[in-house]
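# Fold and geometry: a report
If you want the building blocks of each chain, they are given just below.
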2 protein chains.
Amino acid sequence: MTEGPTITTIAQRAGVSIASVSRVLNGLPTRPETERRVLQAAGELGYVPNSVARSLKSRRSNQVGFAIADIGNPAYLAMIREIQPLLKAAGYRLVLHSTGSDIAEEIEVLRGLGERYADGLIMVPLRMTEEHLKMFHAARAPIVIIGAAPDGAPVDNVRTDSRTGVRLALAHLHALGRRRIGFLNGPPDTVPGAARAAGWAEASRALGLPAGPELTEVGDFYRADGAAAAGRLLDRVPDLDALVCANDLIALGALDVLRRRGRRVPDDVAVTGMDDTDLATLAWPALTSVSLGSAERGRAAAGLLLDRLAGDGQGPRVVTVEPRLVVRGSTAGQETP
Amino acid sequence: MTEGPTITTIAQRAGVSIASVSRVLNGLPTRPETERRVLQAAGELGYVPNSVARSLKSRRSNQVGFAIADIGNPAYLAMIREIQPLLKAAGYRLVLHSTGSDIAEEIEVLRGLGERYADGLIMVPLRMTEEHLKMFHAARAPIVIIGAAPDGAPVDNVRTDSRTGVRLALAHLHALGRRRIGFLNGPPDTVPGAARAAGWAEASRALGLPAGPELTEVGDFYRADGAAAAGRLLDRVPDLDALVCANDLIALGALDVLRRRGRRVPDDVAVTGMDDTDLATLAWPALTSVSLGSAERGRAAAGLLLDRLAGDGQGPRVVTVEPRLVVRGSTAGQETP
DNA sequence: TTGTACGCGTTATCAA
DNA sequence: TTGATAACGCGTACAA
């Protein structure tokens, strides 16, 4: 825990100037004898370059921020698992921000970017406020938004179409003959919540299904909230024959409640989730889920950001990932492999 | 994306020296008029202090590293969820390292600590080599190891007793009348793998159960490996009446195989996991699991590290978390709540 | 090929 | 109270 050696220490020990030390360490041409002495001194002292000083000089931190609402959500996890290796391979460290879906904390993360602790930021915002936009414009480092960024915002954007996702789920259930289909949504004032609500309304109308509020319950995007919402909806509409859930966690909560109430899945009530997380194959019966390509979106976001960091100066780019229905036992009634 | 303002820019605009700017920004006594001009200039320019320069001067990065084998393992996840808010509250950013259980990468993380990009490190190593020990001694920043650190290593240590954990599981199954109990372990050359193997041998002997290699299968700590290992063991010992698994992921793999082979759980085969992750309550039947206090260990580790960072200069400390059996449907045969 | 000296943006010391 | 200036550790013109 003593003070570490610096190039000055090495220079003294090797009897050369700090410039020579720096040159040797950076592989610039030097006389073999000088190189030998420097390397020996560095080795003996256990020298490790100070990344802070290097950053101050180079104006690059070699770090990238990743901001999400909750590290516990497996959809975000799938993103991290893709992003982290890509960043590491490119020489960047990953700074993780878990904002707890608190707007103020999200803004704080954006403001922090101004401190230059990171060379770029990937963010999955739950809401999109004026404040966000202001920070986007003020940002002095590239930002990639996973989710819906407003057109014209100076950020790269990886999006998916969860409206279509809800439609896929609803069409699937409709094709299976279900007609009393309930909807368990997340907070409608969040970006994903609003998109799913819109998709629900659209698709219901298109299929000639009732789309009124009597078939919808709202809670947070967690399992316990999903269970509570499912309980309320079942109390109100006991003859439901299917449930569309706004994410897998909510669906798992719904499965808990259905099991507790003795409703068979999928025989009595079919259930769909969304995000197609690892949890979907864990549930019993395995959960039919709409994949929004979390892993793919993570990969795309990392790619976009690395392009920027490599000096790509194009205008804002948008990558779109198509939703895809993954049918499993919770709607199909067959054993999972 | 233009160059950001510095205290020099502010000083020019406000017509004062950079020293005055710094004083105002740090709340040191200044004449009201000076303060006003500085704050106005700073506000107009959208000044944000450069954390890199600040770090170089203060010799503190306000970052903490957290190194784990795989972010996808929910036991680690439980730790992060505790660690991250504690660090944030104390003003530290979290730098996440996922090493893929590769020794070389773990060593690289320890070496990286020498670059002073972080003020401290929390690490959950899977193995413990001479190289690790060397790096611990050479480290110039405090390290907290979650898992078994050798006595005398200059690190704080949060440990649990997974030997006892295996004993708890085995005793539980024995008390339920099971006598042909198999063991699905992780790699025995890892710290947790070795501890669990030792616990298995000890506890089997104590209970008068066979403890030979014929009842053990080994794989990695993942679900697919658990399934493969369970398959091999069932082929060899078809009349098993229980399975002790080295973690929850392995147990979930075992549940997959048992279901596929038509063995009822727990009636035919009782199953226990370890780590008591969120997945345990997701499985069907819900998984009896030995809690090793992941969340608690994460909290303890963060606490130890923050103490150090606050200047605590004691010798290495050890915190031990007791394992605890959590009984659920996979052994008790009752509906989960 | 090598050394001197400056700058990166801050904080902190010392005179004034 | 304020300003000039010296660090912090590194990279790099520029001069030798």
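This write-up is about the structure you can find in this document.

What counts, and at which threshold
- Residues numbered from 1 in each chain as written.
- Chains lettered and ligands numbered in written order.
- Predicted model: local features only at pLDDT ≥ 70, side-chain atom pairs only at ≥ 80, totals over all residues.
- Heavy atoms only, no water.
- Core = buried A, V, L, I, M, F, W, Y, C linked by side-chain atoms within 4.5 Å.
- Buried < 20%, exposed > 50% of the residue type's maximum accessible area, 1.4 Å probe, protein only.
- Helix = DSSP H or I, 4+ residues; strand = E, 2+ residues; numbered from the N terminus.
- Contact = heavy atoms within 4.5 Å.
- Phe/Tyr/Trp six-rings, centres within 6.5 Å; stacked < 30°, edge-to-face > 60°.
- Lys NZ or Arg CZ within 6 Å of the ring centre and 35° of its normal.
- Least-squares fit on C-alpha atoms with pLDDT ≥ 70 in both.
- Near = heavy atom within 4 Å.
- Polar contact = N/O pair within 3.5 Å; in protein donor to acceptor, adjacent residues only side chain to side chain.
- Nonpolar A, V, L, I, M, F, W, Y, C, P; charged D, E, K, R; others polar.

### Looking at the nonpolar core
By size, the foremost hydrophobic cluster in this structure holds 58 residues, and its most contacted members are Leu184(A), Leu243(A), Val271(A), Leu184(B), Leu243(B) and Val271(B). Every element with two or more residues in this core is listed here: helix H10 (223-236), strand E8 (242-245), helix H11 (248-260) and helix H12 (279-282) of chain A together with helix H10 (223-236), strand E8 (242-245), helix H11 (248-260) and helix H12 (278-282) of chain B. The contact partners of Val271(B), leaving out residues within four places of it in the chain, are Leu243(B), Cys245(B), Ala251(B), Leu255(B), Leu258(B), Val265(B), Leu287(B), Thr288(B), Ser330(B) and Thr331(B).

### Details of the packing of aromatic side chains
Scanning the model with the defined rule gives two aromatic pairs over all chains in all. An angle of 15 degrees between the planes, with centres 4.7 Å apart, marks the rings of Phe183(A) and Trp200(A) as stacked. Placement of the pair is Phe183(A) in strand E6 (residues 181-185) and Trp200(A) in helix H9 (residues 191-207), with a sequence separation of 17 residues. Trp200(A) carries the same exposure label as Phe183(A), and that label is buried. Seen from the ring of Trp284(B), Arg259(A) lies directly overhead, with NZ or CZ sitting 4.0 Å from the centre.

### Some thoughts on the relation of the copies chain B and chain A
With an axial shift of 0.0 Å and an RMSD of 0.1 Å, the rotation relating chain B to chain A amounts to 180 degrees. Taken together, the rotation and translation relating the two chain copies correspond to the operation of a two-fold axis. The position closest to the rotation axis in chain B is occupied by the C-alpha of Val95(B), lying 2.2 Å away. In this assembly the copies share their binding face: 100% of the residues contributing to the interface of chain B also contribute to that of chain A.

### Re the protein's contact with DNA strand D
What surrounds DNA strand D is a group of 24 residues, the closest being Ile7(A), Tyr47(A), Ser20(B), Arg23(B) and Thr34(B). The share of sugar and phosphate among atoms of DNA strand D within 4 Å of the protein is 62%. Residue Arg54(A) places a side-chain N or O atom 2.9 Å away from a phosphate oxygen belonging to DNA strand D. In the model, a phosphate oxygen of DNA strand D is placed 2.5 Å from a nitrogen or oxygen of the Ser20(B) side chain. Elements represented by at least two residues in the surface near DNA strand D include exactly helix H2 (18-25) and helix H4 (51-58) of chain A together with helix H2 (18-25) and helix H4 (51-58) of chain B. Sorting elements by how many residues they give to the surface near DNA strand D places H2(B) first, with four residues. Among the residues making up the surface near DNA strand D, the classes are represented as ten nonpolar, eight polar and six charged.

### Some thoughts on the protein's contact with DNA strand C
Around DNA strand C, the structure places 24 residues, and the nearest of them are Ser20(A), Thr34(A), Ile7(B), Tyr47(B) and Lys57(B). Among atoms of DNA strand C positioned within 4 Å of the protein, sugar and phosphate together represent 61%. Interatomic distance of 3.1 Å between a side-chain N/O atom of Arg59(A) and a phosphate oxygen of DNA strand C. Note that a phosphate oxygen of DNA strand C is positioned 2.8 Å from one of the backbone N or O atoms of Ile7(B). If you list the elements that add at least two residues to the surface near DNA strand C, you get H2 and H4 of chain A together with H2 and H4 of chain B. Tallying contributions element by element places H2(A) first for the surface near DNA strand C, with four residues. Grouping the amino acids of the surface near DNA strand C by side-chain chemistry returns ten nonpolar, eight polar and six charged.

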